[in-house]
Amino acid sequence: MTISYKWLSEYLPVTVEPERLSRILTSIGLEVESMYQYEEVKGGLKGLVIGEVLSTEKHPNADKLTVTKVTIGQNEPLQIVCGAPNVAEGQKVVVATVGTTIYPLNDDPLTMKVAKIRSVESHGMICAEDEIGLGTSHDGIMVLPDDAKVGTAAAEYFQPYEDVVYEIGLTPNRMDAMSHWGVARDVCAYLSHHDKQDLKPKTLISNGFKIDNSSLTLDVSVENETACPRYSGVSIANVSITTSPKWLQQKLKAIGLRPINNIVDITNFIQHETGQPLHAFDIDKITGKKIIVKNLPEGTGFITLDEKKRTLNAEDLMICDAAEGMCIAGVFGGIHSGVTDTTKNIFLESAFFDAVAIRKTSFRHGLRTDAASRFEKGTDISATVNVLKRAAKLIKEIAGGEIASEIVDIYPTVKPKTEVAVKWHFIKKLSGKNYHPDAVKDILNSLGFETLKEGIDELRVAVPYHKPDISFPADLVEEIVRIDGLDNIEIPSSITITPAVDENFEKEIFFEKTANYLVGQGFNEMMTNSITNAAYFSEEEKENMVIMLNSLSAELNILRNSLFETSLEVVAHNLNHKNNSLRLFEFGKAYSNEGNSKYNEDARLSIVIAGNKNDDHWNQKAIAADFYTLKGIVEAIMNLLGVEPDSIEKNEVPKLHNHIVFKLNNLMLGAAGEVKKTILEKFGIKQPVFYAELNWSALYAFASKQKNKVKEISKYPLVQRDLAMIVSKELKWDEVQKTVQKIKLNKLQDIKLFDIFESEKLGNNKKSLAVNFTFQDEEKTLTDKEIDGWMNKIMSAMEKELQAEIRK
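Residues numbered from 1 in each chain as written. Predicted model: local features only at pLDDT ≥ 70, side-chain atom pairs only at ≥ 80, totals over all residues. Heavy atoms only, no water.

A.B. asks: Which residues make up the overall build of the protein, and what values go with them?
C.D. replies: Across its full length, the protein holds 20 helices and 42 strands. Relative to the compact-globule value of 28 Å for 808 residues, the protein shows a C-alpha radius of gyration of 38 Å, a clear excess of over 25%. Overall size of the protein, expressed as C-alpha extent along the three principal axes, is 115 × 90 × 65 Å. Within the protein, contacts between residues at least 6 apart in sequence are counted, and of these 69% link residues at least 24 apart. A total accessible area of about 42,200 Å² is found for the protein, and carbon and sulfur atoms account for 48% of it. Both charge centroids of the protein, one from 94 positive and one from 114 negative side chains, sit 4 Å from each other. (Helix = DSSP H or I, 4+ residues; strand = E, 2+ residues; numbered from the N terminus. Rg over C-alpha atoms; globule rule 2.2 N^0.38 Å. Contact = heavy atoms within 4.5 Å. Areas by Shrake-Rupley, 256 points an atom, 1.4 Å probe, with all protein chains shown as cover. Lys, Arg positive; Asp, Glu negative; His and termini not counted. Charge placed at Lys NZ, Arg CZ, Asp CG, Glu CD.)

A.B. asks: Tell me about the pattern of salt bridges, residues and numbers included.
C.D. replies: This structure, assessed with the given rule, holds 48 salt bridges. Between Glu 479 and Arg 482 there is a salt bridge, with the nearest N and O atoms lying 3.0 Å from each other. One end of the pair, Glu 479, and the other, Arg 482, are both in helix α12 (residues 473-484), three residues apart, so they sit about a helical turn from each other. Take Glu 479 and Arg 482: they sit in the same class, and that class is buried. (Salt bridge = Lys/Arg side-chain N within 4 Å of Asp/Glu carboxyl O. Buried < 20%, exposed > 50% of the residue type's maximum accessible area, 1.4 Å probe, protein only.)

A.B. asks: Give me the lowdown on the nonpolar core, citing residues and values where you can.
C.D. replies: Leu 25, Tyr 166 and Ile 395 are the most contacted members of the largest nonpolar core, which has 71 residues in total. The residues contacting Leu 25, other than those within four sequence positions of it, are Leu 30, Glu 31, Val 32, Tyr 166, Ile 168, Val 183 and Val 187. In terms of nonpolar packing, the next biggest core, distinct from the first, is built from 36 residues, Ala 227, Ile 286, Val 331 and Leu 367 among them. (Core = buried A, V, L, I, M, F, W, Y, C linked by side-chain atoms within 4.5 Å.)

A.B. asks: So what's going on with the sheet that holds strand β20 (residues 317-320)? Residues and values would help.
C.D. replies: What links the strands of a sheet is backbone hydrogen bonding, and the strands pair in either a parallel or an antiparallel sense. Strand order across the open sheet formed by five strands is β14-β17-β20-β21-β22, with mixed pairing between neighbours. Since the sheet does not close on itself, it has two edges, and those belong to β14 (219-222) and β22 (332-333), each with one partner. Relative to β22, strand β21 (residues 325-328) runs antiparallel, the two sharing two bridges. Considered in β22, the bridge of Cys 327 is made with Gly 333. (Pairing = 2+ DSSP bridges.)

A.B. asks: Quick one: what's the story with the packing of helix α13 (residues 505-520) against helix α18 (residues 696-703), residue by residue and with numbers?
C.D. replies: At a minimum axis distance of 11 Å, the contact between α13 and α18 shows a crossing angle of 110°. In terms of orientation, α13 lies roughly perpendicular with respect to α18. Regarding α13 and α18, the two cross each other, and that crossing is right-handed. Across the interface between the two elements, Glu 506, Lys 507, Phe 510, Phe 511 and Thr 514 from α13 touch Trp 696, Tyr 700 and Ala 703 from α18. Residue classes in the contact of α13 with α18 are distributed as five nonpolar, one polar and two charged. (Axes fitted to C-alpha atoms, helices over the stretch in contact; angles between N-to-C directions. Parallel < 35°, antiparallel > 145°, perpendicular 65-115°, else oblique. Left-handed = near helix turned anticlockwise from the far one by under 90°. Nonpolar A, V, L, I, M, F, W, Y, C, P; charged D, E, K, R; others polar.)

A.B. asks: I'd love a proper account of the packing of aromatic side chains, names of residues and values included.
C.D. replies: Enumeration over the complete set of coordinates arrives at 14 aromatic pairs. An angle of 70° between the planes, with centres 5.0 Å apart, marks the rings of Phe 353 and Phe 375 as edge-to-face. Remark: Phe 375 occurs in helix α8 (residues 370-375) and Phe 353 occurs in the loop between β23 (346-352) and α7 (355-365); sequence separation between them is 22 residues. Like Phe 375, Phe 353 is buried. Positioned above the aromatic ring of Tyr 161 is the side chain of Lys 6, whose terminal nitrogen or guanidinium carbon lies 4.7 Å from the ring centre. (Phe/Tyr/Trp six-rings, centres within 6.5 Å; stacked < 30°, edge-to-face > 60°. Lys NZ or Arg CZ within 6 Å of the ring centre and 35° of its normal.)

A.B. asks: How would you summarise helix α10 (residues 424-431) if you had to cite specific residues and measurements?
C.D. replies: Of all the residues in α10, the buried ones are Trp 424, Ile 427 and Ser 431. Viewed along the axis of α10, the buried residues span an arc of 60°, placing them on a single side of the element. Looking at α10, the residues exposed on the side facing more than 90 degrees away from the buried face are His 425 and Lys 429. Phi turns positive one or two residues past the end of α10, at Gly 432, with a value near 75°. (Arc of directions from axis to C-beta.)

A.B. asks: Can you break down the sheet that holds strand β41 (residues 766-775) residue by residue, with the values?
C.D. replies: The strand order across the open sheet formed by four strands is β40-β41-β39-β42, and the pairing between neighbours is antiparallel. Strand pairing shows two members of the sheet lacking a second neighbour, β40 (748-757) and β42 (805-806), which therefore form its edges. As defined by bridge partners, strand β39 (residues 719-728) adjoins β42 across two bridges and the pair is classed as antiparallel. Among the inter-strand pairings, Met 725 is bridged to a residue of β42, identified as Ile 806. Strand contacts of helix α19 (residues 733-743): β39, β40 and β41, with the helix running at about 150° to β40, the strand carrying the most contacts. Against the sheet, helix α20 (residues 784-802) touches β39, β41 and β42, its axis set at about 15° to β39.

A.B. asks: So what about the pairing of strand β17 (residues 290-295)? Which residues, and what values?
C.D. replies: Along a regular strand, successive side chains alternate from one face of the sheet to the other. As paired elements, β14 and β17 share four bridges and run parallel to each other. Among the inter-strand pairings, Val 220 is bridged to a residue of β17, identified as Ile 291. As defined by bridge partners, β17 adjoins β20 across four bridges and the pair is classed as antiparallel. Paired with Val 293 across the strands is Ile 319, a residue of β20.

A.B. asks: Lay out unusual backbone geometry with the relevant residues and their values.
C.D. replies: One non-glycine residue with positive phi stands out, namely Asn 658, at about 45°. Note that Asn 658 resides in strand β36 (residues 656-664). One non-glycine residue, Asn 765, lies in positive phi territory at about 60°. Relative to the assigned elements, Asn 765 resides in the loop between β40 and β41.

A.B. asks: Run through the state of the cysteines, naming residues and quoting values.
C.D. replies: Applying the stated criterion to the full structure yields zero disulfides. With no disulfide partner, Cys 228 has as its closest neighbouring cysteine sulfur the one in Cys 327, 11 Å distant. What makes Cys 228 buried here is its relative accessible area of 2%. (Disulfide = S-S within 2.5 Å.)

A.B. asks: How would you explain the packing of α10 against α12 if you had to name every residue and give the values?
C.D. replies: Between α10 and α12, whose axes approach to 10 Å, the crossing angle comes to 65°. In terms of crossing hand, the pair formed by α10 and α12 is right-handed. Facing Phe 426, Ile 427, Leu 430 and Ser 431 of α10, the residues of α12 in contact are Pro 473, Ala 474, Val 477, Ile 480 and Val 481. Residue composition of the contact of α10 with α12, grouped by class: eight nonpolar, one polar and no charged.

A.B. asks: Could you give an account of a negative patch on the surface, with specific residues and numbers?
C.D. replies: Taken together, the side chains of Asp 502, Glu 503, Glu 508 and Glu 512 make up a negatively charged region of the molecular surface. Take Glu 512: it is sitting in helix α13. (Patch = residues over 30% accessible without salt bridge, like charges linked within 9 Å, V, L, I, M, F, W, Y side chains within 5 Å.)

A.B. asks: For α18, give the residues involved together with the corresponding values.
C.D. replies: The α-helix advances 3.6 residues per turn, and as a result positions three or four apart in sequence lie on the same side. Of all eight residues in α18, six are buried, a share of seventy percent or more. If you check which residues of α18 are buried, you get Trp 696, Ala 698, Leu 699, Tyr 700, Phe 702 and Ala 703.

A.B. asks: Can you tell me about the side chain of Glu 131, naming the residues and giving the values?
C.D. replies: Secondary-structure assignment places Glu 131 in the loop between β11 (125-126) and β12 (143-144). Buried charge without a salt bridge: Glu 131, with Lys 64 as the nearest opposite-charge side chain at an N-O distance of 15 Å. Within the structure, the side chain of Glu 131 is placed 2.7 Å from the backbone nitrogen of Ala 128, a separation counted as a polar contact. Discounting chain neighbours no more than four positions away, the residues touching Glu 131 are Ile 102, Tyr 103, Pro 104, Met 125, Ile 126 and His 138. (Polar contact = N/O pair within 3.5 Å; in protein donor to acceptor, adjacent residues only side chain to side chain.)

A.B. asks: Tell me about the environment of Asn 580, and please be specific about residues and values.
C.D. replies: Checked against the element boundaries, Asn 580 lands in the loop between α15 (564-576) and β33 (582-595). Between the C-alpha atom of Asn 580 and that of Ser 350, which follows or precedes it by 230 residues, the distance is 57 Å. Asn 580 has contacts with Leu 575, Ala 610, Gly 611 and Gln 687, leaving out every residue within four places of it along the chain.

A.B. asks: Tell me about the pairing of strand β15 (residues 230-237), and name the residues and values.
C.D. replies: Within β15, eight of the eight residues are buried, which leaves the element mostly enclosed by the surrounding structure. Of the two faces of β15, the one carrying Arg 230, Ser 232, Val 234 and Ile 236 and the one carrying Tyr 231, Gly 233, Ser 235 and Ala 237 are both buried. As judged from the seven bridges shared by β15 and β23, these two strands associate in the antiparallel manner. Residue pairing in the sheet places Ser 232 in a bridge with Ser 350 of β23. Two elements, β15 and strand β25 (residues 408-410), share three bridges in a ladder whose sense is antiparallel. If you follow Ser 232 over to β25, its bridge partner there is Asp 409. Where β15 meets strand β24 (residues 402-403), two bridges bridge the pair, whose relative direction is antiparallel. For Ile 236, the partnering residue across the bridge sits in β24 and is Ile 403.

Below, the structure written as structure tokens:
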């Protein structure tokens, strides 16, 4: 929500400095996320001055340049070389003197210096309107009226609009603060409470509204009273569609809105002033002079203002004429009924629509408009007519015309005010502060609450219509604490708590254990969005994925089935910022669709490595990370969790080279591989990337079944033996490990591959493996005879099972 300081101050009965106002807004729960100076003209015309051209003569070295003498009210006139064709003696002009910075439209800032232009010195610049942000024309210099006073600062002469703008982070329940007047009401309540004054925001004047005639009376009816409990409107004839007055344009520009024409600008102004959206229809385009609020049949086509044809849902509420739909109620107008430059007569709508219905329609069509954002949070049902009168009066003042009908106000069932009762002790219990009853009543009354009954232990109030979120006692306490100031919540000297007992704490232990290990290995944790871009996936992949019905954007429209794509986005982002050596991990969720509305959510752990394993050092060169770096990390994590896969299988997948799958009891624990070049190119990545994704749900399930055992460190020495053997080039290390495991040597503690040698001398399609075996007995020192016996068994198994040739 964007708030203008000057605009807001118009409704405050006292002056509040911008800095203090920022603190007040944050204190009452309207957190100021940013506060900045707004300038209608960038730079504020600082340093620019009004001058007069005293003389002109042709540049000696350039046909299209003119050497001028310009006075700016100082002793000596300035010599300025000018390239504009319209410069002439006696003109009043805007001069940028040496040292002044100008801000041309669609160009970089430019600071004036003494310059030689074709050998003639120039001390500044005579400005065109686009060069200083006062317009878009570059046909020549800006010529001012003869009464412009020489030496006057341009900022003083033009008086460009300046303001302080606040960006407020509104919570979804604060629709009452989605307007300048609503914010002013909260500020006045705060000032009344803290400055001990009775302050009220200035009343929005709708006095002076009168009906001129009934020449444009329309037949208005509401068929769906549930979706539209109140519908108000009035006809205005003979309006003139032109640009808005300067003050109105300046207010809208300050909050980031683009002025369109006086009618549209007034509806936008009223919306940001009061929080009530309005809509103007061109009466001459309304067939049958009827307005019907109803739903159209499922599948009906409708072209909106953005010229897109939309297919309506049967639940979409429409504003229709006798023939067709004119507007998606509370969301977006239609292309054929809106106000244009030729419009003469308008019907102005001010309505209250059901919040849930508007929100569904808005998301269904992807139309997140300002009007929809207000209606879906709940507007003030009591304000429709008063706001309509104010807008109509403003239209008469700015666009001319006459009120040409009675006010239509269809309000069949008057909505009663919500009543809420709160116990005094509950206020103290929830807020932690002992408020005086008078202070509580004053705060609530200043916010528009009406005291119905005050008892010894309870206060009952009627909730104002502009606060549809208030329905529980806790809501009232929140209002009291807000106006008292969230910064003023007392901190007690002691706090009594009942510790929560989490029965599933083991999951967090494994999570932290793994995360700490990865961080210790130089990894950084990343966090990515579970919603990603469907363009990353093939049609076949999408069949089992969860597609968003109401997507946040065209790029965020599907739930990921893997952390792969979102991880590569992070890699690409870091590489673009010259972070070339990456070690990243993420604990995240992946989703799948099994059909028949059955969806799965699985916990995953992704690991990404790119670049070097280590940095360059004076005594060590950088070593590039490879597939085995990643494989080692994955195996270390499984070992850390006490989970040992019973198989490692290699298979081909579309996105990874050297893809291996870790399995236990036929269940996949995870997979790893090198990302294929074709995939990397889609993300703009030009260096190797290694990726692993572990099934964290399965790993946790196996890890939680492991029983931790503590044993004494053996006092007997380890014994190591090496074995070299020639085997087929196609032999996988996994097969060597399984062959040794089959022998079931209890004293064998570890087996490692420490060298691979390939040469034609070894024979066709052969390689040599050097393997290290570690033995240990926890009860005695091993003898050579025992170890030799075990090594003989290993060699025999290698020769028999793997057709290995033992090298002597």
